[in-house]
Amino acid sequence: MDTGVLFSYVHSYGYAIIFLFLFFGVVGIPAPEESLLFFLGIFIAKQQLLWQYCFMASWCGVVAGMVIAYGLGRFFGAPFIKRYGKYIGIKEEKWERTKRLFYQHGKWVILFGYYVPGVRQVSPYMAGVIRFPFRSFLLHASVGAAIWTIPIIVVGMLLGRHVKIPLIYFPMFGIAAFLLFLSGMWVAQRFRKKSFEN
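Not measured: the values here are computed from a predicted model. (Residues numbered from 1 in each chain as written. Predicted model: local features only at pLDDT ≥ 70, side-chain atom pairs only at ≥ 80, totals over all residues. Heavy atoms only, no water.)

### Quick look at the packing of aromatic side chains
By the definition in use, this model includes ten aromatic pairs. On the numbers, 6.3 Å between centres and 5° between planes, the contact of Trp108 with Phe112 is stacked. Of the two residues, Trp108 and Phe112 are both situated in helix H5 (residues 92-112); the distance of four residues between them amounts to about one turn of the helix. A relative accessible area of 47% means that Trp108 is categorised as partly exposed. (Phe/Tyr/Trp six-rings, centres within 6.5 Å; stacked < 30°, edge-to-face > 60°. Helix = DSSP H or I, 4+ residues; strand = E, 2+ residues; numbered from the N terminus. Buried < 20%, exposed > 50% of the residue type's maximum accessible area, 1.4 Å probe, protein only.)

Now the structure itself:
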């Protein structure tokens, strides 16, 4: 995301554009959510944006996107799967197994799935489709939104304040963090596989 374009959007439309970017990103319309949060931190460090409004707009946009996606999954997802699931490889027994797994581990997927692109877009729809309890969903989605948005913004603030690196290089930090996450997941998977074999 070009920083000049981002700042011009915020300058022209206010903090509501932050809300919209993150809302649509969670609902599933492509948006560079991590880059946006990171750059917000940099702009806050340079005193071009107010931190309290950035935090609030970001958190509200994410939670609103999760709630809308949950609602769409709850009211439209199940009928679609029942009618067309067999045509896309989702048979009834597979669907029931998926539902049981999500009931067992869904709260952790909702809470920490924000850090995995794709998972944060799918998890609210899945929660809605299986009719995961809404109060529990909202609690975990709200807490998860905070522990995802705040650290990324804070990292941007710290780097923007203390490290003199041209802004063009900052997206590389996001790519490096994502690759590190994938490496950690691969190592954990290998470790679990070996433990099962032993």
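### A short note on the UniProt feature "transmembrane region" (unreviewed entry) in the protein
What UniProt calls "transmembrane region" (unreviewed entry) maps, in this numbering, to residues 12-30, 50-73, 137-160 and 167-188. Taken end to end, residues 12-30 has its terminal C-alpha atoms 22 Å apart, with 74% of it in helix and 0% in strand. Taken end to end, residues 50-73 is 96% helix and 0% strand, and its two terminal C-alpha atoms sit 35 Å from one another. (UniProt positions renumbered as here; feature names shortened; annotations may be inferred.)

### What to know about the side chain of Thr149
You can see Thr149 is positioned in helix H7 (residues 134-162). On the accessibility criterion, Thr149 (1% relative accessible area) is buried. Apart from the residues lying within four places of it in its own chain, the contact partners of Thr149 are Leu37, Ser58 and Val62. (Contact = heavy atoms within 4.5 Å.)

### A short note on unusual backbone geometry
Excluding glycine, residues mostly have negative phi values, and the peptide bonds linking residues are mostly trans. One non-glycine residue, Gln47, lies in the positive phi region at around 60°. In this fold, Gln47 is placed in the loop between helix H3 (33-45) and helix H4 (51-84). Taking the relative accessible area as the measure of exposure, Gln47 reaches 74% and is therefore exposed. For Arg131, which is not a glycine, the phi torsion comes out positive at approximately 60°. Along the chain, Arg131 falls in the loop between helix H6 (119-129) and H7.

### Focus: a nonpolar patch on the surface
A surface patch of nonpolar side chains, amounting to about 560 Å² of accessible area, comprises Trp108, Phe112, Tyr115, Leu139, Val143 and Ile147. Counting residues per element, the ones that place at least two in the nonpolar patch are H5 and H7. With three residues, the top contributor of residues to the nonpolar patch is H7. Residue classification places Phe112 among the partly exposed residues on the basis of a relative accessible area of 43%. (Patch = residues over 30% accessible without salt bridge, like charges linked within 9 Å, V, L, I, M, F, W, Y side chains within 5 Å. Areas by Shrake-Rupley, 256 points an atom, 1.4 Å probe, with all protein chains shown as cover. Salt bridge = Lys/Arg side-chain N within 4 Å of Asp/Glu carboxyl O.)

### Re the nonpolar core
Soluble, globular proteins show a tendency: their nonpolar side chains are buried together. Grouped together as the largest cluster of nonpolar side chains are 36 residues, with contacts concentrated most on Ile18, Val62, Met66, Ile110 and Phe137. Taken together, the elements giving at least two residues each to this core come down to helix H2 (16-27), H3, H4, H5, H6 and H7. Excluding its chain neighbours within four sequence positions, the residues that come into contact with Met66 are Val26, Ile110, Tyr114, Arg120, Ser123, Pro124, Phe137 and Ala141. (Core = buried A, V, L, I, M, F, W, Y, C linked by side-chain atoms within 4.5 Å.)

### Quick look at H3
Over its 13 residues, H3 extends 19 Å from the first C-alpha to the last, a length consistent with the 18 Å expected when each residue adds 1.5 Å. Within H3, eleven of the 13 residues are buried, which leaves the element mostly enclosed by the surrounding structure. Buried within H3 are the following residues: Glu33, Leu36, Leu37, Phe38, Phe39, Leu40, Gly41, Ile42, Phe43, Ile44 and Ala45. Trailing H3 by a residue or two, Gln47 shows a phi angle of about 60°, which is positive. (Expected span 1.5 Å × (residues − 1).)

### Concerning the side chain of Ser123
Residue position: Ser123 is located in helix H6. The residues touching Ser123, leaving out its near neighbours within four places in the chain, are Met66, Phe102 and Val109.

### Some points on H6
Counting buried residues in H6 gives eight out of eleven residues, a clear majority hidden from the surface. Taken together, the buried positions of H6 are occupied by Arg120, Gln121, Ser123, Pro124, Met126, Ala127, Gly128 and Val129. At the exit of H6 stands Arg131, carrying a positive phi of roughly 60°.

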